[in-house]
Amino acid sequence: MMAVSLVLVSHSHELVHGLKKLLEQVQPDVAIAVAGGTDENDIGTSALKIKDAIESVYSEDGVALLFDLGSARLNAEMAVEMLDGNANVTICDAPLVEGAYAAVVQAGIGGSLDEVADAASQAKTFSKLS
């Protein structure tokens, strides 16, 4: 079964690799790529690294991209612009950890790219304290 893929973007190489490991335990059938840190794995982000991550998991079902901080969004937008103009990629307005968790669950049950992005976005409203 094909599913929407995820790309996780962070200023920290370690953060996204750890998050990927967690998400693979939740849903091992969803393709997940990471782009963490600069090309030298220092703190920061890289548009080329993000583009490569998208291409590594790209499918017709699409790619949901989640990011941590402001400049990661700018590099994500540049990476998407570098792709073929018909690329089916959505940059999600969602918290990285909670959004990725919700997104991987939705992708794993066969959700569309819009449904996966919506699930990620809804994570902004999750209450951790009742």
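In what follows, the structure referred to is the one given above.
What you see is a predicted model; the values in this text were computed from it and never measured.

Parameters at a glance
Residues numbered from 1 in each chain as written. Predicted model: local features only at pLDDT ≥ 70, side-chain atom pairs only at ≥ 80, totals over all residues. Heavy atoms only, no water. Pairing = 2+ DSSP bridges. Helix = DSSP H or I, 4+ residues; strand = E, 2+ residues; numbered from the N terminus. Axes fitted to C-alpha atoms, helices over the stretch in contact; angles between N-to-C directions. Contact = heavy atoms within 4.5 Å. Core = buried A, V, L, I, M, F, W, Y, C linked by side-chain atoms within 4.5 Å. Buried < 20%, exposed > 50% of the residue type's maximum accessible area, 1.4 Å probe, protein only. Salt bridge = Lys/Arg side-chain N within 4 Å of Asp/Glu carboxyl O. Parallel < 35°, antiparallel > 145°, perpendicular 65-115°, else oblique. Left-handed = near helix turned anticlockwise from the far one by under 90°. Nonpolar A, V, L, I, M, F, W, Y, C, P; charged D, E, K, R; others polar.

With respect to the sheet that holds strand S4 (residues 89-91)
Here's step 1: Strand order in the open sheet formed by four strands is S2-S1-S3-S4, with parallel pairing between adjacent strands. Edge positions in the sheet fall to strand S2 (32-36) and S4, since each has one partner strand and no second. Neighbour-to-neighbour, the strand axes of this sheet turn through a mean angle of 20°, independent of strand direction.
Here's step 2: Relative to strand S3 (residues 63-67), strand S1 (residues 5-10) is paired through five bridges, and the arrangement is parallel. Within S3, the residue paired with Ser5 across the bridge is Val63.
Here's step 3: Where helix H4 (residues 96-108) meets the sheet, it contacts S1, S2 and S3, and its direction lies at approximately 175° from that of S1.
Here's step 4: Sheet strands touched by helix H5 (residues 113-122): S1, S3 and S4. Its angle to S3, the strand with the most contacts, is close to 20°.

Regarding the nonpolar core
Here's step 1: Counting 22 residues, the largest nonpolar core has Leu6, Leu8, Leu23 and Leu66 as the members making the most contacts within it.
Here's step 2: The biggest single contributor to this core is H4, with five residues.
Here's step 3: Residue contacts for Leu23: discarding those within four places in its chain leaves Leu6, Leu8, Ile32, Ala100, Tyr101 and Val104.
Here's step 4: By size, the runner-up hydrophobic cluster in this structure holds 16 residues, among which are Ala33, Val57, Ala79 and Val89.

Topic: unusual backbone geometry
Here's step 1: Of note, the phi angle at Asn41 is positive, near 65°, even though the residue is not glycine.
Here's step 2: By the secondary structure assignment, Asn41 is in the loop between S2 and helix H2 (47-57).

Examining the pattern of salt bridges
Here's step 1: Summed over the entire model, instances satisfying the criterion amount to five salt bridges.
Here's step 2: Glu55 is the partner of Lys51 in a salt bridge, and the nearest nitrogen-oxygen pair spans 3.1 Å. Of this pair, Lys51 and Glu55 both sit in helix H2, four residues apart, which is roughly one turn of that helix.
Here's step 3: Taking relative accessible area as the criterion, Lys51 reaches 17% and is therefore assigned buried.
Here's step 4: One salt bridge connects Asp93 with Lys124, and the closest N-O pair in it is separated by 3.0 Å. Placement of Asp93 in the loop between S4 and H4 and of Lys124 in the segment after H5 is noted, with a sequence separation of 31 residues between them.
Here's step 5: Take Lys124: its relative accessible area is 47%, and that puts it in the partly exposed class.

Thoughts on the packing of H4 against H5
Here's step 1: Interaxial distance between H4 and H5 falls to 7 Å at its minimum, and their mutual angle equals 150°. By the angle between their directions, the pair H4 and H5 is classed as roughly antiparallel. When you trace H4 past H5, the crossing you get is right-handed. Residues Gly99, Ala102, Ala103, Gln106 and Ala107 of H4 lie in contact with H5, whose contacting residues are Glu115, Val116, Ala119 and Ala120.
Here's step 2: Of the residues that constitute the contact of H4 with H5, the class distribution is six nonpolar, two polar and one charged.

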